[in-house]
Amino acid sequence: MKPIWTAFIAALVALLGIGLGPLAQEGSSTLLGFFPVLLALLCLGLALIGKLIPATLAVPVALIGAYLPIGKLSALGNGSVAAWGYWANFWGFLLVAFFAAGRVSLSEADGNEERAKKRLRGALPPATVPFILLLIWQGLVIGFQVPKGIFPGVHHVYNQLASSLGVLLTDSYITFVKEVQFGFLIGVSAGFLVGIAIAYSRFLQNGFLPIAAAFGAVPIVGLAPVLGRAFGVDWQSKAAVVVIVTFFPVVLNTVQGLTQLDTLKLELLKAYAANPWQIFLKLRLPNALPFLFNALKLAAVLSVISVIVAEFLIPGPPRGLGQRISLSARQGAYDTVFAAIFVSSLISITIYQLLSWLERSLTGWHPSYREEGH
Amino acid sequence: MKRFLPILIVLVVLILLGYPLALLFGLPLARRDMKDLRKWEKETISLSDGVALAGQSDGSNTVFTYPRAIVENDDSRTLFVNDSSLIYKAERPEERVDGERADFHFESDHGLVVQDGVLLSDGDYVREQNLIRFRQTPPRNAQLRQYPDYFVQDSERGEVVLGAAPETGARVWTDSYTIYARPACGDTLMACFFSLPQHPVPFPHWIAARVVPFFQKFPLTDERNIVRSTLYTSLGTLSSLALGGAVGIILAVLFVMFRPLERALLPWTIASQTIPIIALVPVLLLVLGNFGITIQTSLLPTAIIGAYICFFPVVVSTVKGLRAIDPLILDLMKSYAAKPLEIFWKVRFPAAVPFFFTGLKLGTAAALVGALVAETESNNRRGLGFQILGQVQSGNVADVWILLIISGLLGVGLVAFVGLLQRLFAPWERV
Amino acid sequence: MLDTQPNSKTVQISDLITIRDLNMIYRGRGSETVALKNANLTVAEGEFISLIGPSGCGKTTLLRIMADLIQATSGSITIAGKSPRQARLDREYGYVFQAPALLEWRSVLKNVILPLEIMGFGKEERETRAKKLLEMVGLKQFHRQYPWQLSGGMQQRVSIARALAFDPSLLLMDEPFGALDEITREAMNLELLRIWEETKKTIVFVTHSIPEAVFLSSRIVVMTPRPGKIEKIIPVDLPYPRNTDTRESKAFFDLATEVREALRDVH
Ligand SMILES: Nc1ncnc2c1ncn2[C@@H]1O[C@H](COP(=O)(O)OP(=O)(O)OP(=O)(O)O)[C@@H](O)[C@H]1O
Ligand SMILES: [Mg+2]
C-alpha cells in the first residue's frame with residue numbers, strides 16, 4: 001500500500017512547529033520535548049507505511065499530538081494569544097488524523113479479511129469526527145484566548161456540565177418526559193387514527209390531504225403562545241405544541257403507507273376474496289410500517305426542536321431545557337447553554353437510535369436494509 | 001373546480017371547528033372566573049337594626065354563621081355578642097418561624113391559634129399567658145396567627161369561630177358586613193365566556209372581523225405594517241434558503257467526490273438533525289453581534305440561522321440524487337469513455353437537481369421557523385416573528401391568529417415558489 | 001366468428017368457463033383502447049388452455065376478467081356456472097401474476113401460507129401444505145428467507161406455490177415461467193403437467209413461448225392485437241403424459257409451426 005503523502009506532509013509541518021515555532025506571541029516557549037517529537041516521528045513513520053493498521057494507529061496518535069499545544073498553552077496561563085508554532089502543531093496533527101482516517105475508509109478490502117477489519121473501516125472515520133470537532137473548537141478558543149463570555153471552551157462546558165448535571169437532568173425530565181413524551185404519544189396516536197380514516201375515504205383524501213400537506217410548511221411553533229394561553233404556561237402547553245407538530249407528519253405518512261400499494265398485491269388479496277380487515281392487517285399495515293417509522297423519526301426530531309422553541313416562546317416557570325437555554329443565553333452564560341444543548345442532543349439521539357432499532361427489528365424485511373442483510 | 005370542492009368543504013369544516021374549539025378552551029377559563037370568589041363583585045350590607053348570626057348560644061358553642069358568604073378581609077364587618085363588639089385582628093408571633101423553635105410569643109394572652117389557616121385545638125399547644133408552646137414544632141415559614149376575638153373559618157359559608165363561647169341565650173349579631181354578591185363576569189357561564197378578556201381560541205368570525213382593522217393598524221410607512229413585516233420575513237427566509245441551498249450543494253458534492261468525507265460525516269448528519277439547532281439562535285446572535293453584525297441592521301444573522309437549520313435536508317436529499325443513478329447509464333457513459341467530470345455534469349448533476357429542490361422544500365418550513373424565532377429575539381420591530389411576540393404580549397389573541405394564518409400562507413407560498421423554481425430548473429421531472 | 005365449441009376429439013365434459021361476445025374497452029383521458037373485441041371461448045373442465053399472442057393483445061386482460069379483477073365492458077362470462085364475482089368469493093381459482101407480487105415483509109414460507117391464513121385453514125395444515133409445495137418448486141431450504149434474498153425466478157416459483165396452496169380447481173397463470181431460465185422452465189413445465197394430470201385441475205395459461213404452449217396445452221388460443229381478438233384456436237392432440245421425448249417428436253414441430261404461422265398471419 002502507498003504511503004499517505006498528505007498525512008506525511010502534515011506530520012512534517014507539525015514536526016517543524018515543534019522544533020522551531022514559538023507557542024505564544026509573548027514568551028519564548030516551544031513545544032520542544034521528548035513526547036511531542038516522538039508523536040510526530042511516529043506519525044511520519046505510520047504515514048509512510050500507510051497500511052490499514054498503521055493508518056488506524058496514526059489517528060489516535062495524531063489526536064493526542066493535536067491536543068499537546070492546547071494543553072501547553074493553557075498551562076502557560078499568561079493569557080497570551082498563540083503564535084505560529086502553536087498553529088503548525090495543532091493543524092499539522094489534526095490533518096494527520098484527518099488524512100489517516102480518510103485512508104482507513106478508502107483502503108481496499110482484500111478478499112478474505114477478517115470481520116474486525118471491515119468493522120474498523122466502517123467505524124473509525126465517523127468515530128474520529130467528534131474528536132476532531134472538539135479539538136478544533138478548543139484549539140481555536142485557547143489559541144485566540146477567546147473569553148468565556150463570548151464563546152466558552154470545551155473545558156468550560158464540561159465543567160458546567162459536571163457541576164450542574166442535577167439541574168440539567170431535572171430540566172430534561174420536564175422537557176422530555178413530561179412535555180415531549182406526553183405530546184408525542186398523543187400526537188402520534190391521533191395522527192395514526194386520522195391517517196387511517198383518510199386512507200379509507202376518498203373524500204378526505206381529496207379534501208384533507210392537501211391541507212395536511214400544506215401544514216408541513218406552516219410554522220406550527222408559532223402557535224405556541226396561543227397554546228400557552230389555552231393550556232397555561234406550565235408543561236401542558238408545550239406538550240400541546242408537540243401534539244400538533246407530530247400529528248401532521250404521522251397523518252401524511254400513514255396515508256401514504258396505507259395507500260401506496262403495489263396494485264398487484266391488492267389484486268392478489270382480492271383474488272383470495274379477503275375481507276377488508278384481512279387486507280388491512282396483512283397488506284396495508286405491514287406496507288405502512290416503514291412509512292410510519294419514517295414519520296416517527298421525523299416527528300421525534302421535530303418535537304424536540306419545537307418543544308425548545310415553545311419553551312422560548314412561552315415563558316413559564318423556569319424549568320425545562322429550552323427555558324434554561326434562553327435564560328442562560330440572556331445572562332451570557334454560554335457554557336450552560338452548550339451544556340444544555342449537549343444534554344438535549346444526547347437524549348434525542350438516544351430516542352432516534354431507539355426508534356431506528358425498533359424500526360430495524362420490526363421492518364427488517366425492508367429493502368433499505370439489504371446491504372446490511374448479508 | 002371539482003378538485004377544489006373537497007378542499008373547500010374541509011376548510012369550511014375546519015373553520016367551523018373553531019367554534020367548538022373556542023368553547024372547549026374558553027369555557028374552563030370562564031368557569032374558573034365564575035368560581036373564583038376573588039373575581040366576584042363585592043357588596044356591603046348595612047342593616048340599621050342588625051341581624052342575628054345562625055348558631056346556638058348554649059354556653060359551649062363557638063361556631064356562628066353569617067347569613068351569606070362573607071369577604072374574609074373586610075373592614076366594615078361587625079360582630080357583636082349582646083352589646084359588646086368583637087374585633088377582628090390577627091396577631092403574628094414575635095419570633096421567626098424557623099422550623100426549629102416551638103415556643104412563640106403573641107401580643108394577647110388569649111385567642112384562637114391558627115396554623116396555615118387551620119384552627120388548632122387546645123391539645124395542640126400549651127398556653128402560658130402570651131407564650132404558646134407548640135406540641136409539634138411548626139415547619140419553617142408556617143403561618144402562625146392568633147385571633148384574640150374571633151376567626152373567619154370558612155368565608156364561603158360565612159362561618160366564624162369565637163374565641164370564647166357566648167353564655168346561654170346571648171345574642172350574636174351583626175349590623176354590617178361585605179359579601180361576594182355575584183361573579184363579576186356575568187350571571188351565566190356563557191356570559192362569563194363572552195366577557196373573557198382573552199380567548200385562547202377566538203370565534204372564527206371575531207378573527208375575521210379583526211382582519212381589516214389589523215391590516216390598517218399601521219400605515220405603509222411604519223415598519224410594523226403587516227405587508228412590510230411579511231416581506232421582511234420572506235426576505236429572511238429566502239436568504240436562508242439561498243445560503244442553505246448553496247452550502248447544501250457544496251457539501252453534497254464534496255460528499256460524493258470524497259467518499260471518506262461522506263463515510264465519516266454521514267452518520268453524524270443524521271444524528272445532528274436531532275440537535276436542537278434552534279437553541280443556538282440566541283448564542284449565534286450574540287456571537288455575530290461581537291463581529292458587529294446584528295439582527296437590527298442586517299439580514300445576515302437570520303440568513304445564517306435559517307441556513308443552518310435548512311441545509312441538512314438539502315445535503316441528504318442532494319447526495320441521494322447524485323448517487324441514485326441507474327447503473328446502466330453509468331455503464332453507458334463508461335462505454336463512451338466519458339471523463340469523471342463529464343459524467344458529473346451530464347449525468348449526476350442533472351439527476352440531482354430535482355432531489356435538491358425536494359430537500360430545499362423540506363427545508364423551507366424549517367427556515368421560516370428559524371426566521372420567525374430569530375425575529376422574536378430582535379427588537380427592531382420588523383418581521384412577523386416580532387409581530388407575533390408583540391401581539392402575544394399585548395394579549396391580542398385574534399391578531400396572533402391572523403399573524404399565524406399569514407405565516408402559514410407564507411410557508412405554503414414559499415414552498416410553492418421553490419416548487420416553481422424546481423419546475424423551471426428541472427422541467428423534465430413530472431412533479 | 002370462430003366457433004369455439006369444445007374440440008370434437010376431446011371427450012365431452014361440462015364447461016367450466018364460458019365466454020360470450022366479451023368486449024373490453026379501457027377508457028383513459030380522451031383515449032380508448034379496445035383491449036378485447038368479441039371474444040368467445042369455452043373451457044371445459046380439466047382442460048389445459050394456453051393463450052398466446054404478441055404483447056398487448058389482451059391476454060392479461062382476458063385473464064383478469066375471468067378472475068373478476070376487472071369487469072368487462074360488455075358480454076357475458078360464467079365460471080363453473082357462476083358469475084366471476086361469485087367464483088372469486090367462492091375461491092374457485094388460483095391466480096399467478098405476471099410479476100411475483102410477494103409481500104416483502106413475509107418470509108417465503110409465510111408468503112405461501114398467506115392464502116391459507118385468509119381462507120381460515122388450521123395452523124398445522126397451513127405449514128404442512130406450504131412446506132410440501134415449497135419442496136415441489138424446489139425451494140424447501142429457502143423457506144426462512146425474505147423475498148429480496150431470492151432471484152426473480154425463485155420468487156416466481158414461490159408465487160406459483162402460493163397459487164397452488166389452497167388447491168383451487170382452476171388455475172389462471174399469467175406468464176408464470178417468463179422469468180425462468182430454460183432449464184428450470186422445462187422442469188417446471190413437467191412439474192405443472194404432473195400436477196395437472198394428478199389433480200385434474202383446469203388451467204388457463206398465458207405464455208409467449210410457442211414450444212411451451214405446444215408442450216403443455218390441450219388447446220392453444222392465438223390472439224391478435226389492436227383490437228385484441230381471438231384469432232384462432234389450435235387443438236393440440238399430442239398424447240399425455242408428455243415428456244422430454246414429446247419435444248422431439250415430429251407432431252410437436254408441426255404444431256409449433258402451425259402456431260408460429262398463425263401468429264405470423266397477424267402481422
Ligand atoms: N389499466 C389499463 N388501462 C388502460 N389500458 C390498458 C390497461 N391495461 C391494459 N391496457 C391496454 O390493453 C391492451 C392489452 O393489455 P394486456 O395487458 O391485456 O396485454 P397482454 O397481452 O397481457 O400483453 P403482454 O404480453 O405484454 O403482457 C394493451 O394495449 C394495453 O395498452
Ligand atoms: Mg400481460
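Along each chain, residue indices are assigned from 1 in the same order as the chain's sequence is written. For naming, the first written chain is A and the first written ligand is 1, with later ones following in the order written. In keeping with the predicted nature of the model, local features appear solely for residues at pLDDT of at least 70, side-chain atom pairs appear and are counted solely at 80 or more, and the whole-chain, interface and lining totals rest on all residues. No hydrogens and no water enter the side-chain calculation; it runs on all heavy atoms of the structure.

Colleague: Which residues make up the coordination of the magnesium ion (ligand 2), and what values do they have?
Modeller: Ideal geometry at a metal centre: 109.5 degrees between donors when four sit tetrahedrally, and 90 or 180 degrees when six sit octahedrally. For the magnesium ion (ligand 2), every protein donor is listed as Thr60 of chain C (OG1) and Gln98 of chain C (OE1), and the spread of their distances is 1.9 to 2.6 Å. Separated by 38 residues along the polypeptide, Thr60 of chain C in helix H1 (residues 59-66) and Gln98 of chain C in the loop between strand E5 (93-96) and helix H3 (108-118) bring together distant segments of the chain. Here the coordinating atoms are restricted to nitrogen, oxygen and sulfur within 2.8 Å of the metal centre, or 3.2 Å for Na, K and Ca, and because water is not among them the sites may look incomplete. Helix numbering and strand numbering both begin at the N terminus, where a helix is a DSSP run of H or I of at least 4 residues and a strand a DSSP run of E of at least 2.

Colleague: Tell me about the nonpolar core, and please be specific about residues and values.
Modeller: Grouped together as the largest cluster of nonpolar side chains are 99 residues, with contacts concentrated most on Leu269 of chain A together with Ile17, Leu51, Met66, Leu172, Val214 and Ile220 of chain C. Examining the composition of this core, we find that 7 residues originate from one element, H3 of chain C, more than from any other. The contacts of Leu269 of chain A, once residues within four sequence positions are left out, are Ala274, Gln278, Ile279 and Leu283 of chain A together with Leu114 and Ile118 of chain C. We define a nonpolar core as any set of buried Ala, Val, Leu, Ile, Met, Phe, Trp, Tyr and Cys residues linked to one another through side-chain atoms lying within 4.5 Å. With a 1.4 Å probe rolled over the protein chains alone, any residue whose accessible area is under 20% of its type maximum counts as buried; one over 50% counts as exposed, and the rest are partly exposed. By definition, residues are in contact when any of their heavy atoms lie within 4.5 Å.

Colleague: So, the pairing of strand E1 (residues 15-27) of chain C: which residues are in play, and what are the values?
Modeller: All names here are of chain C. Pairing between two strands is assigned when DSSP locates at least 2 bridges connecting them. Note: E1 against strand E2 (residues 32-44), 9 bridges, orientation antiparallel. Paired with Ile19 across the two strands is Leu41, which belongs to E2. Bridge analysis of E1 against strand E4 (residues 74-79) gives 5 bridges, and the strand direction is antiparallel. If you follow Ile19 over to E4, its bridge partner there is Ile77.

Colleague: Can you explain the sheet that holds strand E8 (residues 219-224) of chain C? Please cite residues and give values.
Modeller: Residue and element names in this part refer to chain C. Read from one edge to the other, the open sheet built from 6 strands follows the order E5-E6-E7-E3-E8-E9, with strand pairing classed as mixed. One side of each edge strand has no neighbouring strand; the edge strands of this open sheet are E5 and strand E9 (229-235). Mean inter-strand twist for the sheet, computed between neighbouring axes without regard to direction, equals 15 degrees. Strand direction decides the pairing type here: strand E3 (residues 48-52) and E8, joined by 4 bridges, are parallel. Interaxial angles span 0 to 180 degrees and are taken between N-to-C directions of axes, which are lines fitted to C-alpha atoms, for helices over the stretch in contact.

Colleague: If you had to explain the site of ligand 1 to someone new, which residues and values would you point to?
Modeller: Residue and element names in this part refer to chain C. Working definition: residue near molecule or strand if any one of its non-hydrogen atoms lies within 4 Å of it. Around ligand 1, the structure places 13 residues, and the nearest of them are Ser55, Gly56, Lys59, Thr60 and Thr61. Contacts described as polar in this section are N or O atom pairs within 3.5 Å, which, within protein, must combine one atom able to donate a hydrogen with one able to accept it, while residues neighboring in sequence count only if both atoms come from side chains. For ligand 1, an oxygen atom lies 2.5 Å from a polar atom in the side chain of Ser55. Note that accessible areas follow from Shrake-Rupley with a 1.4 Å probe, and for residues the cover is restricted to the protein chains shown. Expressed as a share of its isolated accessible area of 630 Å², the protein-covered part of ligand 1 is 63%. Residue assignment for the shell around ligand 1 shows that the elements contributing at least two residues are E2 and H1. Residues of the shell around ligand 1, tallied by class, amount to 3 nonpolar, 8 polar and 2 charged. Residue polarity is assigned by list, with Asp, Glu, Lys and Arg as charged and Ala, Val, Leu, Ile, Met, Phe, Trp, Tyr, Cys and Pro as nonpolar; anything else, Gly included, falls into the polar class.

Colleague: Tell me about the interface of chain B and chain A, and name the residues and values.
Modeller: Contact residues are listed per partner, giving 52 residues for chain B and 49 residues for chain A. In the sections that follow, a salt bridge refers to a side-chain nitrogen of Lys or Arg positioned within 4 Å of a carboxyl oxygen of Asp or Glu. On the surface where chain B and chain A come into contact, there are 0 salt bridges. Counting every contact that joins chain B to chain A gives 0 residue pairs in polar contact (both at pLDDT 80 or more). Looking at the side of chain B that touches chain A, the elements that each hand over two or more residues are helix H1 (4-35), helix H5 (259-272), helix H6 (281-290), helix H9 (340-377), helix H10 (383-394) and helix H11 (397-425) of chain B. The leading source of residues in the side of chain B that touches chain A is H5 of chain B, at 10 residues. When grouped by side-chain class, the residues that make up the side of chain B that touches chain A number 40 nonpolar, 9 polar and 3 charged.

Colleague: Mind laying out unusual backbone geometry, listing which residues take part and the relevant values?
Modeller: Here Arg226 of chain C and Pro227 of chain C are connected by a cis peptide whose omega angle stands at -10 degrees. Tracing the backbone shows Pro227 of chain C in the loop between E8 and E9. In the Ramachandran plot, Asn82 of chain B falls in the positive-phi region, its phi being about 50 degrees despite a non-glycine side chain. Tracing the sequence through the fold places Asn82 of chain B in the loop between strand E3 (80-81) and strand E4 (84-85).

Colleague: Talk me through the pattern of salt bridges; I want residue IDs and the actual numbers.
Modeller: Scanning the entire structure with this criterion turns up 27 salt bridges over all chains. With a closest N to O distance of 3.2 Å, Asp154 of chain B and Arg157 of chain B form a salt bridge. We classify Arg157 of chain B as exposed; its relative accessible area is 55%. Across the pair Arg194 of chain C and Glu191 of chain C runs a salt bridge, and its minimum N-O distance is 2.5 Å. Taken together, the residues Arg194 of chain C and Glu191 of chain C, both in helix H6 (residues 182-199) and 3 residues apart, mark about one turn of the helix. On the basis of relative accessible area, Arg194 of chain C is assigned to the partly exposed category, the value being 36%. We classify Glu191 of chain C as buried; its relative accessible area is 19%. Each of Asp262 and Lys265 of chain A together with Glu104 of chain C takes part in salt bridges that share partners, so that together they form one network.

Colleague: Any details on the sheet that holds strand E9 (residues 131-134) of chain B? Residues and values, ideally.
Modeller: All names here are of chain B. Read from one edge of the open sheet, 3 strands run E5-E9-E8, paired in antiparallel fashion. What marks the edges here is a single partner per strand, and that holds for strand E5 (103-105) and strand E8 (125-128). Taking the axes of each pair of neighbouring strands and ignoring which way they run, one obtains an average angle of 20 degrees across the sheet. Here E8 pairs with E9 via 4 bridges, running antiparallel. Considered in E9, the bridge of Arg127 is made with Ile132.

Colleague: Give me the confidence of the model for chain C: which residues, what numbers.
Modeller: Residue and element names in this part refer to chain C. The predictor rates its confidence in each residue with pLDDT, a number between 0 and 100. The predicted model of chain C has a mean per-residue pLDDT of 86, with 94% of residues at 70 or higher. In the predicted structure, residues 1-12 sits below a pLDDT of 50 and forms 17 contacts with residues beyond four places in sequence or in another chain. For this predicted complex, the interface score ipTM comes out at 0.77, while the overall pTM is 0.76.

Colleague: Quick rundown of a nonpolar patch on the surface? Include the residues and the values.
Modeller: Where nonpolar side chains cluster on the molecular surface, the patch consists of Phe203 of chain A together with Leu5, Leu8, Ile9, Val12, Val13 and Leu16 of chain B and spans about 600 Å² of accessible area. Among the elements that make up the nonpolar patch, the one with the highest residue count is H1 of chain B (6 residues). Among the residues examined, Leu16 of chain B registers a relative accessible area of 49% and is labelled partly exposed. Patch definition: residues with relative accessible area over 30% and no salt bridge; like charges joined within 9 Å; nonpolar side chains (Val, Leu, Ile, Met, Phe, Trp, Tyr) joined within 5 Å.

Colleague: Please set out helix H2 (residues 34-49) of chain A residue by residue, giving values where relevant.
Modeller: Residues and elements named next belong to chain A. Expected helix span is computed as 1.5 Å times (number of residues minus one). Helix length check: H2, at 16 residues, gives a terminal C-alpha distance of 23 Å against a target of 22 Å (1.5 Å per residue), a fit within 8%. Regarding H2, the residues found buried are Pro36, Leu39, Ala40, Cys43, Leu44, Leu46 and Ala47. On its buried face, H2 sits against helix H1 (5-20), helix H3 (52-76) and helix H4 (84-106). Gly50, located one to two residues past H2, shows a positive phi value of around 70 degrees.

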